[in-house]
Amino acid sequence: SPQHFQASANELAGKVILVTGAGDGIGRQAALSFASCGASIILLGRTVHKLEAVYDEIEALGAPQPAIIPLDLTGASKQNYLDMTATIESQFGKLDGALLNAAHLGVLSQFVQIDEEQWDKTMQVNVKSQFLLSQALIPLMLKSTNASLIFTSSGVGKKGRAYWGSYAVSKFAIEGMSQVIADEFDKTGLRCNCINPGATRTLMRATAYPGEDPLSLKTPLDIMPSYLYLMSDASIGITGSSIDAQPK
Ligand code: NDP
């Protein structure tokens, strides 16, 4: 099963993979895990010193040389994403995988109290930027024989929950976007799936659940088998699915 997938040391050898939100949390670990399986990683995020730290960790692994793309998804334009894609193509020649992982939690509150600006920011980072990013990346990904596009969902992206407001709505949108793309590119070399990390020990989780003991949670490393499965050739033919990284 995806949750117990065991990746070999060269599982992703020769692949070029973009990871967004690669400076911290799950994205950081995914970048490290993909790199240690032989992939060249493009690290996208907004805090440069965090990306540089991950860059150094990847170099220390002896993995292929990564690249850094500093970009804040709040303000990026369609042209920024097109330029970024052109840079990836000229520097790496192709793109075999993209893990769209960066997201904005926003403020948990009663529905009637949701602040309009917070709503807009959540939709901008979690939905619109994901739309513009995939629109820019897909034509390049289609040039690879097999490419994997992975969106990041959430438990509240499949069943709404009180006080999760705009974040929950944005994650439902991600499930929808992933299904639309999967269906449209079915029978091509591009597969598209969602992953739901489940409760994981990161800053975002600690912000959402300040009273919780982080040590009671799975770590980003614990949930990597599903990420490696969806990014590797083991998942060729799997598209339009939404995988829970933590099995019940
Ligand atoms: P973190 O907050 O730990 O990491 C998110 C990363 O995304 C950070 O590196 C952050 O940058 C980056 N990011 C956030 N906003 C932007 C932006 N506007 N532009 C560029 N980069 C940005 O979150 P997690 O690792 O916990 O979450 C990863 C994904 O998993 C998210 O999509 C989240 O919704 C989802 N998820 C997480 C769960 C959990 O329990 N942790 C459960 C369910 C879903 P910076 O470091 O600069 O802040």
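Notes on the structure in this doc start here. (Residues numbered from 1 in each chain as written. Predicted model: local features only at pLDDT ≥ 70, side-chain atom pairs only at ≥ 80, totals over all residues.)

The environment of the ligand is formed by 27 residues, the closest being Gly-21, Gly-25, Thr-47, Ala-103 and Thr-202. Elements with a minimum of two residues in the shell around the ligand: helix 1 (25-36) and helix 6 (203-208). Looking at the shell around the ligand residue by residue, the class counts come to nine nonpolar, 13 polar and five charged. (Near = placed C-beta within 6 Å. Helix = DSSP H or I, 4+ residues; strand = E, 2+ residues; numbered from the N terminus. Nonpolar A, V, L, I, M, F, W, Y, C, P; charged D, E, K, R; others polar.)

Before going further, it helps to examine helix 2 (residues 48-61). Each α-helix winds once per 3.6 residues, and so residues spaced three or four apart point in a common direction. In a regular helix each residue adds 1.5 Å, so 14 residues correspond to 20 Å; helix 2 covers 20 Å between its end C-alpha atoms and thus fits that length. In this structure, the buried residues of helix 2 make contact with helix 1, strand 2 (40-45) and strand 3 (67-70). Phi turns positive, to about 80 degrees, at Gly-62, one or two residues after helix 2. (Expected span 1.5 Å × (residues − 1). Contact = placed C-beta atoms within 7 Å.)

Within the largest apolar cluster, 61 residues are counted, with the highest numbers of intra-cluster contacts made by Ile-17 and Ala-31. Examining the composition of this core, we find that seven residues originate from one element, helix 4 (residues 116-141), more than from any other. Ile-17 has contacts with Leu-12, Phe-34, Ala-39, Ile-41, Asp-96, Gly-97, Ala-98, Leu-99 and Met-231, leaving out every residue within four places of it along the chain. (Core = buried A, V, L, I, M, F, W, Y, C linked by C-beta atoms within 7 Å. Buried ≥ 20, exposed ≤ 12 C-beta atoms within 10 Å, placed from the backbone.)

This part covers the packing of helix 1 against helix 2. The geometry of helix 1 relative to helix 2 is characterised by a closest axis approach of 10 Å and an angle of 20 degrees between their N-to-C directions. With respect to their mutual orientation, helix 1 and helix 2 come out roughly parallel. The two elements helix 1 and helix 2 cross, and the hand of that crossing is right-handed. In this structure, helix 1 contributes Arg-28, Ala-31, Leu-32, Ala-35 and Ser-36 to the contact, and helix 2 contributes Val-54, Glu-57, Ile-58 and Leu-61. Partitioned by chemical class, the residues of the contact of helix 1 with helix 2 number six nonpolar, one polar and two charged. (Axes fitted to C-alpha atoms, helices over the stretch in contact; angles between N-to-C directions. Parallel < 35°, antiparallel > 145°, perpendicular 65-115°, else oblique. Left-handed = near helix turned anticlockwise from the far one by under 90°.)

Before going further, it helps to examine the sheet that holds strand 6 (residues 190-196). The seven strands are arranged 3-2-1-4-5-6-7 in an open sheet whose pairing can be described as parallel. Only two strands of the sheet have a single partner each, and these edge strands are strand 3 and strand 7 (242-244). Geometrically, the sheet is characterised by an average inter-axis angle of 20 degrees between neighbouring strands, direction not taken into account. Sheet strands in contact with helix 1 are strand 1 (16-20), strand 2 and strand 4 (97-100), and its direction is about 170 degrees off that of strand 1. (Pairing = 2+ DSSP bridges.)

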